[in-house]
Amino acid sequence: MRIVIGCDHGGFELKKDLISRLEKAGHSVTDTGCYTPEAVDYPDVAEKLCHRLLDEHYDFGILLCGTGIGVSIAANKIDGIRAAHLADEYSARMAKAHNDANVITLGARVLGPELAWSIVEAYMASSFMHSHHEVRVEKIMALEKKN
Ligand code: RB5
């Protein structure tokens with residue numbers, strides 16, 4: 001898969017770990033930063049990654065911050081993004097199967113690297129179920145135009 005990944009300082013170490021695991025598993029990974037552990041603002045990180053994802057048609061994006069919450073809130077403000085804040089494998093599968101999430105967000109101060117990797121693997125192994133879920137996802141996207 002072609003994956004784009006980004007973080008703030010809170011997610012810096014976990015991002016390095018996930019990039020290494022993803023590359024070992026044969027995926028192509030683009031890192032949109034941050035590139036040092038110095039403090040950065042998570043809305044900037046989320047905005048940059050989401051525009052790269054949409055413009056360059058990656059399969060999906062991974063955003064990391066301390067909790068995963070800030071990047072999730074910010075990413076979901078961007079037209080075309082369905083970001084799922086994940087902390088367990090079942091939700092990871094459903095985020096793809098039911099919600100067709102195109103960004104997953106993880107809290108590096110909440111999850112250990114093994115659980116974070118299991119969540120990423122579970123999401124990647126899942127497929128969008130279409131059918132009535134498609135109607136619901138279309139309704140989500142219509143909210144961006146209506147409100
Ligand atoms: C940074 O200290 C922290 O606020 C950020 O990484 C994230 O957890 C925000 O939601």
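Everything that follows concerns the structure shown earlier in this document.
Worth saying up front: this structure is predicted, and the values here are computed from it rather than measured.

## Thoughts on the pattern of salt bridges
Opposite charge on two side chains makes pairing possible when the charged atoms of those side chains draw close.
No. 1: For the structure shown, the criterion picks out eight salt bridges.
No. 2: Residue glutamate 114 is joined to arginine 21 by a salt bridge in which the shortest nitrogen-to-oxygen separation is 3.0 Å. One end of the pair, glutamate 114, is in helix H5 (residues 113-125); the other, arginine 21, is in helix H1 (residues 12-24), and 93 residues separate them in sequence.
No. 3: Within this structure, Asp17, Arg21 and Glu114 form a network of salt bridges that share partners.

## Quick look at the packing of helix H4 (residues 89-97) against H5
No. 1: Two elements in contact, H4 and H5, have axes whose closest approach is 8 Å; the angle formed by their N-to-C orientations is 30°. Relative to H5, the element H4 lies roughly parallel. In terms of crossing hand, the pair formed by H4 and H5 is right-handed. Judged by residue contacts, Glu89, Ala92, Arg93 and Lys96 of H4 engage Leu115, Ser118, Ile119, Ala122 and Tyr123 from H5.
No. 2: Considered class by class, the residues forming the contact of H4 with H5 number five nonpolar, one polar and three charged.

Calculation notes
- Residues numbered from 1 in each chain as written.
- Predicted model: local features only at pLDDT ≥ 70, side-chain atom pairs only at ≥ 80, totals over all residues.
- Heavy atoms only, no water.
- Salt bridge = Lys/Arg side-chain N within 4 Å of Asp/Glu carboxyl O.
- Helix = DSSP H or I, 4+ residues; strand = E, 2+ residues; numbered from the N terminus.
- Axes fitted to C-alpha atoms, helices over the stretch in contact; angles between N-to-C directions.
- Parallel < 35°, antiparallel > 145°, perpendicular 65-115°, else oblique.
- Left-handed = near helix turned anticlockwise from the far one by under 90°.
- Contact = heavy atoms within 4.5 Å.
- Nonpolar A, V, L, I, M, F, W, Y, C, P; charged D, E, K, R; others polar.

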